[in-house]
Amino acid sequence: MENDLAQSSEELVLAFLAEAGDEFVSGEAISDKLGLTRAAVWKHVESLRSHGYRIDAVPARGYRLAEVPDRLTPLELRPLLNTHDVGQVLHWYEEIGSTNDRARELAEEGAEHGEVVIAEAQTAGRGRRGRVWASPPRKNLYFSVVLRPDLPPARAPELTLVASVAICEALRQAGVQAGIKWPNDLLASGKKVAGILTELAAEPDRVSWVVLGVGVNVNARIEDFPEELRAEATSVLIERGQPAPRALLAAACFTAIEDWVDRHADEGFGAVREAWRERSVTLGREVVVKVDGREIAGTAEDIDEGGALLVRGRAGVERIVSGDVALLRPAVRP
Ligand code: BTN
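For the structure given in this document, a descriptive report is provided here. Because the structure is predicted, anything quoted here is derived from the model rather than measured.

**Describing the packing of helix α8 (residues 246-267) against helix α9 (residues 269-279)**
Part 1: Packing of α8 against α9 brings their axes to within 7 Å, and their N-to-C directions diverge by 130°. With respect to α9, the element α8 is oriented oblique. Contact residues: α8 offers Trp260, Arg263, His264 and Glu267, while α9 offers Phe269, Ala271, Val272, Ala275 and Arg279.

As structure tokens, then:
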């Protein structure tokens, strides 16, 4: 299912009910506001019910949205979005190989800034460094955002940190005490709750497109992860002890990505760097970083003005632009 920018009457009825929250709204109020006949309002309510929405109807009081289905189609997501770009064009799939692969294709075909590919399941979900990203159906979030930043290729890695700050913010709003492990792993209780895979194409002087691929473990239980990942993976459900509505979390992620991408474009990397430092669980820690088959051990001191990690080891400070960080104990400060 894909969608264009115009909201259907059904989406408008749903948005109206969603906005009213726990309150009943009369059929008359809906038809007046949306310019629909009462019969058309009833038809849309019936159609929404057939898609799994529970809508109470009480004579003389009207309609009330009692329950929404746990799906991520445009019908569920659009009424929740308050973005101007991110997610306004939404490509939804029940199952796909990888949302990043589809977003890359769309970007090559001319997709606009902010278009999102989202899926209920991935059969070939990819993580960083060729790893597999576990993507069981309807448990988690798997989405990729196409960005068209006005940036030289050398500054593209900054967007990886921009995305990690945004997803950290959305997780914290959802009640998960998340922190960022350099460059962009989201950890909670020391385990991975979300990951970001950034891919791009560039001309010599500017970036053509960036695809931010985001996987958030939302309602997965520990047995939903492959056995070899169970010791290092967690989810919003595991952290909070209760499931989270995926559509709300997706909408919060889109808003946070848009806010931070805009801020990065307007103010530069400085503001992002400050926010990243505040949310970091890497800085001040003893780390071992694997870089091209080499291991660098030392204290993670800071990130520089380009987002590279600065590690003070025996040979002095090393500047690391890409690598895999293992966190050891907190640094011993004199
Ligand atoms: C990592 O931490 O290794 C990055 C994981 C990124 C996973 C997401 S899920 C949506 C998008 N599609 C993919 O195939 N990968 C990213």
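Having seen the structure, we can now continue with the description.
**Let's talk about the packing of aromatic side chains**
Part 1: Throughout the structure, instances matching the rule amount to 1 aromatic pair.
Part 2: Relative to Phe254, the ring of Phe143 has its centre 5.1 Å away and its plane inclined at 80°; by these criteria the two rings are edge-to-face. Here Phe254 lies in helix α8 and Phe143 lies in strand β5 (residues 141-147), a separation of 111 residues in the sequence.
Part 3: On the basis of relative accessible area, Phe254 is assigned to the buried category, the value being 0%.

**Remarks on the site of the ligand**
Part 1: In the vicinity of the ligand, 20 residues are found, and the nearest of them are Ser98, Gln122, Arg126, Arg128 and Lys192.
Part 2: In the environment of the ligand, a nitrogen atom lies 3.1 Å from a nitrogen or oxygen atom belonging to the side chain of Thr99.
Part 3: The contact in question runs from a nitrogen atom of the ligand to an N or O atom on the backbone of Arg126, over 2.7 Å.
Part 4: Starting from 410 Å² of accessible surface for the ligand in isolation, the protein chains cover 99%.
Part 5: One can see that the ligand is located within the largest pocket.
Part 6: At the level of elements, α5 (99-108), β5, β8 (191-202) and β9 (207-216) are the ones that each hand at least two residues to the shell around the ligand.
Part 7: Top element by residues in the shell around the ligand is β8. It accounts for 4 residues.
Part 8: Residue composition of the shell around the ligand, by class: 6 nonpolar, 10 polar and 4 charged.

Criteria and cut-off values
- Residue numbering note: each chain is counted from 1, following its sequence as written.
- Only residues with pLDDT of at least 70 get local features here, since the model is predicted, and only at 80 or more are side-chain atom pairs given and counted; chain-wide, interface and lining totals rely on the full set of residues.
- The side-chain numbers reported here are obtained from all heavy atoms of the structure, hydrogens and water having been left aside.
- To obtain an axis, a line is fitted to C-alpha atoms, over the contacting stretch when the element is a helix, and the angle between two such axes runs from 0 to 180 degrees between their N-to-C directions.
- By definition, any uninterrupted DSSP run of H or I lasting at least four residues is a helix, any uninterrupted run of E lasting at least two residues is a strand, and each is numbered from the N terminus.
- Convention used here: angles under 35 degrees read as roughly parallel, angles over 145 as roughly antiparallel, angles from 65 to 115 as roughly perpendicular, and any remaining angle as oblique.
- The contact criterion used is simple: two residues touch if any of their non-hydrogen atoms lie within 4.5 Å.
- The criterion for an aromatic pair is that two Phe, Tyr or Trp rings (for Trp, the six-membered ring) have centres within 6.5 Å, with stacked assigned to planes under 30 degrees apart, edge-to-face to planes over 60 apart and tilted to the rest.
- Relative accessibility thresholds used throughout: buried, under 20% of the residue-type maximum; exposed, over 50%; partly exposed, between the two (1.4 Å probe, protein chains only).
- We call a residue near a molecule or strand when any one of its heavy atoms sits within 4 Å of it.
- Polar contacts, as counted here, are pairs of nitrogen or oxygen atoms within 3.5 Å of one another; within protein the pair requires one atom able to donate a hydrogen and one able to accept it, and residues that are adjacent in sequence qualify only if both atoms are side-chain atoms.
- Methods summary: accessible areas were calculated by the Shrake-Rupley approach with a probe of 1.4 Å, and residue burial reflects only the protein chains presented.
- Put plainly, a pocket is an open set of points on a 1 Å grid over the protein atoms alone with protein on both sides within 12 Å along at least five of seven lines, a cavity is a set where a 1.4 Å probe fits but cannot get out, and a lining residue has an atom within 4 Å of a point.
- To qualify as sitting in a cavity or pocket, a molecule needs more than half of its atoms within 2 Å of the grid points.
- Gly is put with the polar residues, along with every residue not named as nonpolar or charged; the nonpolar set is Ala, Val, Leu, Ile, Met, Phe, Trp, Tyr, Cys and Pro, and the charged set is Asp, Glu, Lys and Arg.

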